[in-house]
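Close look at the chain arrangement
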Amino acid sequence: MASLGQIIFWGMIVMIFVAAGLIILILSVSFAVQGLGGSQGTVDSNNKWPIGNLGEDVILSCKFKTSTNSGESTSQVSITWKKKGLSEVVYRYNKGAVQLTEQNPQFKDRTQLFSDAIGGGNASMLLRNVKMKDEGVYYCSVNAPSGSGTDSVNLRVAAFSAPKFKWVNTTLTAEGERWFPKPDVLWLDVNDNVLNESETSFFNNSAGITRFISSLQQITLNDSYTCIIQNYLVKAVSRATVKDIEISTTTFFSFSTAAAPPILLPQRHVLAATTSFFFWIYQLT
């Protein structure tokens, strides 16, 4: 009969062989997937939840790994953009040539790739003159010597613009020309306290785009005031300072980068960096 020490010894040997076998199996599967050109991360998007501003252009991000430091030869790369729910393609590029015979009429003369950047792994698509019906899920598929893959981009459509300010006597007025969906508007003082001495009126055009006029009463000369305009997609923060007869303003926008809408509360007018990104617009009037 084997001793306890022998049982433990042979048990450890079996465990070592089992662990080695699992490692070899995992590596084999990994190499096999890469050999088929289907490795994860071959195709990816820097912005999976972009927001297009109605009537303006938007870039749907898509990148792919290249096989060499010098990039891919464009004659070996095929790129296809499709939209969920449409049988025709949005855009197709096949080995150095644009192929739009099967393009959906909705996107005629409105789409373009960055041809000079394809060899470096850029398959992003420019979509011109964004329309409401453009909203939806898009798929970017790439077939290249370095591998093949597909990634999705969920385009949301909104309308937003920086407000214009006017100052008459002791009243400061902000006017937003185009917003969709309809936003909430509130004012803060220099200490980020909510001000209740304001009135806001909303006007909708035939396309459902909202224009608003919001007036803040009893302002103090040389003080700064913040107007926050926000819906579940876009948030604009505009700070206005009244000096003598001039108004200096600064506006920045933040955008929801998640599927769930953000909480529409001022909270010192800052959104968490994990749920939105920012870019600045400087407006001096």
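Higher on the page you've got the structure.
Residues numbered from 1 in each chain as written. Predicted model: local features only at pLDDT ≥ 70, side-chain atom pairs only at ≥ 80, totals over all residues. Heavy atoms only, no water.

**Points about the sheet that holds strand β9 (residues 125–127)**
Read across the open sheet, the three strands follow the order β3-β9-β8; overall the sheet is antiparallel. The sheet is open, and its two borders are formed by β3 (58–60) and β8 (111–113), each paired with just one other strand. Taken pair by pair, the neighbouring strands of this sheet meet at an average axis angle of 30°, ignoring direction. Two strands pair when backbone bridges link them, and β3 and β9 are joined in this way by three bridges, in the antiparallel orientation. Considered in β9, the bridge of valine 58 is made with leucine 127. (Pairing = 2+ DSSP bridges. Helix = DSSP H or I, 4+ residues; strand = E, 2+ residues; numbered from the N terminus. Axes fitted to C-alpha atoms, helices over the stretch in contact; angles between N-to-C directions.)

**Here's the deal with the environment of serine 161**
Counting through the fold element by element, serine 161 comes out in the loop between β11 (147–158) and β12 (164–168). A relative accessible area of 15% means that serine 161 is categorised as buried. Considering only alpha carbons, one finds serine 161 and asparagine 53, 108 residues apart in sequence, at a separation of 8.9 Å. For serine 161, the contacting residues outside a window of four places in its chain are Gly176, Glu177, Arg178, Trp179 and Phe253. (Buried < 20%, exposed > 50% of the residue type's maximum accessible area, 1.4 Å probe, protein only. Contact = heavy atoms within 4.5 Å.)

**As for the sheet that holds strand β5 (residues 78–83)**
Taken in spatial order, the six strands line up as β2-β11-β10-β5-β6-β7 in an open sheet, and their pairing is mixed. The open sheet is flanked by β2 (51–53) and β7 (97–98), the only strands paired with a single partner. Alignment of β5 against strand β10 (residues 136–144), held across six bridges, turns out to be antiparallel. Bridging across to β10, threonine 80 finds its partner in serine 141.

**Details of the state of the cysteines**
Using the criterion set out here, one finds one disulfide in the structure. Across the disulfide, cysteine 62 is cross-linked to cysteine 140 (sulfur-sulfur distance 2.1 Å). Residues cysteine 62 and cysteine 140 are joined by a disulfide whose S-S torsion is about -80°; by sign, that bridge is left-handed. With cysteine 62 in the loop between β3 and β4 (63–64) and cysteine 140 in strand β10, this pair connects stretches of sequence that are 78 residues apart. The buried category is assigned to cysteine 62, whose relative accessible area is 1%. (Disulfide = S-S within 2.5 Å.)

**As for the pattern of salt bridges**
Side chains that carry opposite charge are capable of pairing whenever their charged atoms lie near each other. One pass over the structure, following the stated rule, counts seven salt bridges. One salt bridge in this structure joins lysine 48 and aspartate 151, with 2.4 Å as the shortest N-O distance. A residue pair is termed long-range when its members are at least 10 positions apart, and lysine 48 in the loop between β1 (43–44) and β2 and aspartate 151 in strand β11 qualify at 103 residues. Arginine 92 serves as the salt-bridge partner of glutamate 102, at 3.2 Å between the closest nitrogen and oxygen. Pair noted here: glutamate 102 is in the loop between β7 and β8 and arginine 92 is in strand β6 (residues 89–94), with a separation of 10 residues, a long-range link. Given the relative accessible area of 23%, arginine 92 is considered partly exposed. (Salt bridge = Lys/Arg side-chain N within 4 Å of Asp/Glu carboxyl O.)

**Some words on the pairing of strand β18 (residues 224–230)**
Judged by how many residues are buried, β18 sits mostly within the fold: seven of seven residues are covered. By the alternation rule, side chains of β18 split into Ser224, Thr226, Ile228 and Gln230 and Tyr225, Cys227 and Ile229, which are all buried. In terms of strand pairing, strand β14 (residues 184–188) meets β18 through five bridges, oriented antiparallel. By the bridge assignment, leucine 188 is partnered in β18 with threonine 226. Where β18 meets strand β19 (residues 234–243), seven bridges bridge the pair, whose relative direction is antiparallel.

**Quick word on unusual backbone geometry**
For the bond running from phenylalanine 180 to proline 181, omega is -10°, close enough to zero to count as cis. Looking at the element boundaries, proline 181 is found in the loop between β13 (171–179) and β14. Despite not being glycine, aspartate 109 has its phi angle at roughly 60°, a positive value. Mapped onto the fold, aspartate 109 is located in the loop between β7 and β8. A positive phi angle, close to 55°, is found at asparagine 169, a residue other than glycine. With respect to the element layout, asparagine 169 can be found in the loop between β12 and β13. Assessed through its relative accessible area of 66%, asparagine 169 is described here as exposed.

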